[in-house]
Amino acid sequence: MAQEPTVNKGAAIVVGVGTESGLGAALARRFAQEGLRVTIAGRTPERLRVVAEKIAAAGGAVAIRTADATSEADVAALFEEADRDGDLKLVAYNVGNNFAASAQDTTPELFERLWRQNALGGFIVGREAARRFSERWQGTILFTGATASLRARPPFLAFAAAKAALRAVAQGLAREFGPKGVHVAHIVIDGVIAGEYAATNFTEYARSKGPDGVLAVDDIADAYWALHCQKRSAWTHELDLRPFKEPF
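Analysis parameters
Residues numbered from 1 in each chain as written. Predicted model: local features only at pLDDT ≥ 70, side-chain atom pairs only at ≥ 80, totals over all residues. Heavy atoms only, no water. Helix = DSSP H or I, 4+ residues; strand = E, 2+ residues; numbered from the N terminus. Rg over C-alpha atoms; globule rule 2.2 N^0.38 Å. Areas by Shrake-Rupley, 256 points an atom, 1.4 Å probe, with all protein chains shown as cover. Lys, Arg positive; Asp, Glu negative; His and termini not counted. Charge placed at Lys NZ, Arg CZ, Asp CG, Glu CD. Pairing = 2+ DSSP bridges. Axes fitted to C-alpha atoms, helices over the stretch in contact; angles between N-to-C directions. Buried < 20%, exposed > 50% of the residue type's maximum accessible area, 1.4 Å probe, protein only. Contact = heavy atoms within 4.5 Å. Right-handed = clockwise from strand over helix to strand, strands pointing away. Arc of directions from axis to C-beta. Phe/Tyr/Trp six-rings, centres within 6.5 Å; stacked < 30°, edge-to-face > 60°. Lys NZ or Arg CZ within 6 Å of the ring centre and 35° of its normal.

Trainee: Any chance you could explain the overall build of the chain here in plain terms?
Mentor: What the chain contains, in helices and strands, is 8 helices and 7 strands. Since a compact globule built from 248 residues should have a radius of gyration of about 18 Å, the 17 Å found for the chain is in line with a globular shape. In terms of overall dimensions, the chain has C-alpha extents of about 50 × 45 × 35 Å along its principal axes. When the accessible surface of the chain is totalled, it reaches about 12000 Å², and 54% of it is carbon and sulfur. Charged side chains in the chain number 29 positive and 29 negative. The centres of these two groups are separated by 3 Å.

Below is the structure:
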């Protein structure tokens, strides 16, 4: 039986929603549970519909938008729709596919594609969010990072360069717009996220981690929500999340 809809407490955008088991979907569910009207954006309409149906069935307010985060036109349209009432409060940028390739096998096309998905898309989305939030002196922008944000190791040179660039985008936005009331945070996901992507692309590695050796998406989503709820006298800019037995 569907739950009664929660009272609307503003709007949120999650960019980078894929499978139902992924982090983007978990973030959307968490924000909707808190009463935010959530717009989920991604490149695959079928996946977005599945996630939206589950959120709606639980009583959440949700809309879907097919969008390319590297397109200024797509991002502008996304924000116009999601912020139609001027009550946008939270934006999460969760785009970025990992890809393993040695430096010798990394083509300029691959390097640029990963940079565009992570850094360029994060910049376009973050800039649009910061523009709106700074006019209201409030709002939260959250960027999903990775171990590769902090160090480059083969065979993930291109991915690391892209994630490091996204981290720089987050730092730049935080320094420019933090004094205008905008909370910008970068979350380093230091470990394997449980879900379909890891099970498909890193099957044996994910299995080798054992119980509690991978990050549960709902637990990550709790941390994102906690960042949004922080008082401005003690904001976190960068947060590392890893399983308790993950070495670092």
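Still more to cover.
Trainee: Mind showing me how you'd approach the sheet that holds strand E6 (residues 183-189) here?
Mentor: Hydrogen bonds along the backbone pair up the strands of a sheet, which may run parallel or antiparallel. Here we have 7 strands laid out as an open sheet, ordered E3-E2-E1-E4-E5-E6-E7, and parallel in their pairing. Edge strands, defined here as strands with exactly one partner in the open sheet, are strand E3 (62-66) and strand E7 (238-241). Within this sheet the neighbouring strands show an average axis-to-axis angle of 20°, counted without direction. As judged from the 7 bridges shared by strand E5 (residues 140-146) and E6, these two strands associate in the parallel manner. Each residue of the ladder has a partner; that of Ile141, found in E6, is Val184.

Trainee: Help me understand the environment of Ile64, please; the structure alone is not making it clear to me.
Mentor: Turning to its location among the elements, Ile64 is positioned in strand E3. For Ile64, a relative accessible area of 32% translates into the label partly exposed. Ile64 sits 13 residues away from Val51 along the chain, and the two C-alpha atoms are 9.2 Å apart. Residues contacting Ile64, with those up to four places away along its chain left out, are Ile40, Leu48, Arg49, Ala52 and Glu81.

Trainee: Explain the pairing of strand E4 (residues 88-93) here, please?
Mentor: Each regular strand shows side chains that alternate between the opposite faces of the sheet. For E4, the tally of buried residues reaches 5 of 6 residues, placing the bulk of the element in the interior. Strand direction decides the pairing type here: strand E1 (residues 11-15) and E4, joined by 5 bridges, are parallel. Bridge pairing in E4 places Ala12 opposite Leu90. Traced from E4 through helix H4 (residues 108-136) to E5, the parallel crossover comes out right-handed.

Trainee: Teacher, can you tell me more about helix H3 (residues 72-82) here?
Mentor: An α-helical turn contains 3.6 residues, so any two residues separated by three or four positions project in the same direction. Considered for burial, the residues of H3 that qualify are Val75, Leu78, Phe79 and Ala82. Projected down its long axis, H3 carries its buried residues within an arc of 90°, all on one side. Facing away from the buried surface of H3 by more than 90 degrees, the exposed residues are Ala73 and Glu80. Buried-residue contacts for H3 involve E1, strand E2 (37-42), E3, E4 and H4.

Trainee: When you look at unusual backbone geometry in this model, what are you seeing that I'm missing?
Mentor: Leaving glycine aside, a negative phi is the common case for residues, and trans is the common case for peptide bonds. At the junction of Pro154 and Pro155, the peptide bond is cis and its omega measures out at 5° in the coordinates. Within the secondary structure, Pro155 sits in the loop between E5 and helix H5 (157-177). With a phi close to 60°, Trp137 is a non-glycine residue in the positive phi region. As for its placement among the helices and strands, Trp137 is situated in the loop between H4 and E5.

Trainee: Got a minute to help me understand the packing of aromatic side chains in this structure?
Mentor: Any pair of aromatic rings gets described here by the distance separating the centres and the angle formed by the planes. The full count for this structure, using the stated rule, is 2 aromatic pairs. Their ring planes at 40° and their centres at 6.0 Å tell us that Phe31 and Trp225 sit as a pair that is tilted. Linking Phe31 in helix H1 (residues 23-33) with Trp225 in helix H8 (residues 217-228), this pair joins segments that are 194 residues apart in sequence. What makes Phe31 buried here is its relative accessible area of 0%. Geometrically, the ring pair formed by Tyr93 and Phe143 is tilted, given 6.3 Å between the ring centres and 55° between the ring planes. Of this pair, Tyr93 sits in strand E4 while Phe143 sits in strand E5, placing them 50 residues apart in sequence. For the pair shown, Tyr93 and Phe143 are each scored as buried. If you follow Arg113 out to its NZ or CZ, it ends over the ring of Phe99, 5.9 Å from the centre.

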